[in-house]
Every structure is written in structure tokens, then in C-alpha cells.
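Overview (structure and organization)
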Amino acid sequence: MTWVIRLLVAAISALFLIIGVRAMLDPQSIITQFELGRQGVTGTSAIRADMGGFFVGTALAALIGLFPGKRQWLLGAAGMVALAFTGRAIGLLSDGLTANIAQSMIIEAITIALLVAAFGILNPRRREALAEERAQEAETQRLAAEQQRLAAEQNEIDAQNDGQQQRDRDLAQPIV
């Protein structure tokens, strides 16, 4: 399960990283994709810095959160995406909804849920609890196997005793 969540976080991080790098290197594609309209030098610079920085920063925070002892970075990334979602929700109330806005909000909601779930799933205490649970299960199986072995030995001893008792009875009877 942890590998699945790690792969999903890595995939969404890769997507955000691609969008961020594209915003920095090719802001015109972002202007078109996000319907930003015609931009001057200042607007293009803002797209490179603000949008590129947002997406690259979120991707890097999520990736750092995959390292042991760094899972709190996942919440930082989730918080950044939640703020973007909040901005879209405010815009939704004042400007209405388009297909692109709906698509972005769905991706953001999934990303937030994924990052928060990853934070919970990658909890070291949870891993320790799972390891302890597996150890207890292994010990239970070992004890059950030991009980079966002892029961088989007891059955063998009982069979030998039954055979000995039968021989003793046979020997105790007079020969006629």
C-alpha cells in the first residue's frame, strides 16, 4: 500500500513539476492553457515566477515528503494546493464555472486528498504498528505449528501406549 501511495504522489509531483517548468520556460503555453489572455513583459514574468514557482515548489515539497522523517512536507504541499483551490472557489462564486475551472478544481481536490492520505499512510507509527501486527501474526502461526507438533507427538505416544497395553494384556492371558 505504501508503494502505491508513493507512486501516486510521485506522479502528481511529476505533473506539477512539468507544469511549473513549462511556466518558467514557455509561459506562452501556460497563458493559452489557463486562458490568461495577452500578457506584457511584466505579466509574462509573473507567470514564470508565480505560477512556475507555485507548481515547482508544490512538486518539490511533495517529493521531499516521501523521504523518511519528512512526511510533514506533504501537508505543506497539500496546504499550497488547498490555497489554490480556495482561490478558485472564490472565483467560482463571483465569476462562474467553466470546464477548465472544473477540471482544475477536480485535480486540486484529488491532489489534496492524495497528499493528506499519504501523510497518514506514511506515518512511521503506523508502519511500526503494522510490523508489530505482522510479528504477532508470525508468532501466532509459530505457536499453532508448535501445538500441532506437540499434539502429533502426544498422539504417537498414546498409540505406543495403546500398543504396549495390548501386548501386556496379551502376555497376561494364559496360553491354552
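Data block above holds the structure.
Residues numbered from 1 in each chain as written. Predicted model: local features only at pLDDT ≥ 70, side-chain atom pairs only at ≥ 80, totals over all residues. Heavy atoms only, no water.

**Quick look at helix 3 (residues 41–64)**
With 24 residues, helix 3 extends 33 Å between its outermost C-alpha atoms, agreeing within 8% with the 34 Å of an ideal straight helix rising 1.5 Å per residue. The elements touched by buried residues of helix 3 are helix 1 (2–25), helix 2 (27–33), helix 4 (72–95) and helix 5 (99–121). (Helix = DSSP H or I, 4+ residues; strand = E, 2+ residues; numbered from the N terminus. Expected span 1.5 Å × (residues − 1). Contact = heavy atoms within 4.5 Å.)

**Focus on the packing of helix 4 against helix 5**
Interhelical geometry of helix 4 versus helix 5 gives an angle of 155 degrees and a closest axis separation of 9 Å. In terms of orientation, helix 4 lies roughly antiparallel with respect to helix 5. Between helix 4 and helix 5 the crossing geometry is left-handed. Judged by residue contacts, Gln72, Leu74, Leu75, Ala77, Ala78, Val81, Ala82, Ala84, Phe85, Arg88, Ala89 and Leu92 of helix 4 engage Ile101, Ser104, Met105, Glu108, Ala109, Thr111, Ile112, Leu115, Val116, Ala118 and Phe119 from helix 5. Looking at side-chain class alone, the contact of helix 4 with helix 5 contains 18 nonpolar, three polar and two charged residues. (Axes fitted to C-alpha atoms, helices over the stretch in contact; angles between N-to-C directions. Parallel < 35°, antiparallel > 145°, perpendicular 65-115°, else oblique. Left-handed = near helix turned anticlockwise from the far one by under 90°. Nonpolar A, V, L, I, M, F, W, Y, C, P; charged D, E, K, R; others polar.)

**Observations concerning the pattern of salt bridges**
If you walk through the whole model with that rule in mind, you get four salt bridges. Measuring nitrogen to oxygen at the nearest pair gives 2.7 Å for the salt bridge that ties Glu108 to Arg88. Here Glu108, found in helix 5, pairs with Arg88, found in helix 4; they are 20 residues apart in sequence, far enough to count as distant. The class for Glu108 is buried, based on a relative accessible area of 7%. By relative accessible area, which is 23% here, Arg88 ends up partly exposed. When the shortest N-O distance is used, the salt bridge between Glu139 and Arg142 registers 2.7 Å. With Glu139 and Arg142 both in helix 6 (residues 124–172) and three residues apart, this pair spans about one turn of that helix. (Salt bridge = Lys/Arg side-chain N within 4 Å of Asp/Glu carboxyl O. Buried < 20%, exposed > 50% of the residue type's maximum accessible area, 1.4 Å probe, protein only.)

**Some details on the environment of Glu153**
Note that Glu153 resides in helix 6. In terms of polar contacts, Glu153 uses its side chain to reach the side chain of Arg149, at 2.2 Å. (Polar contact = N/O pair within 3.5 Å; in protein donor to acceptor, adjacent residues only side chain to side chain.)

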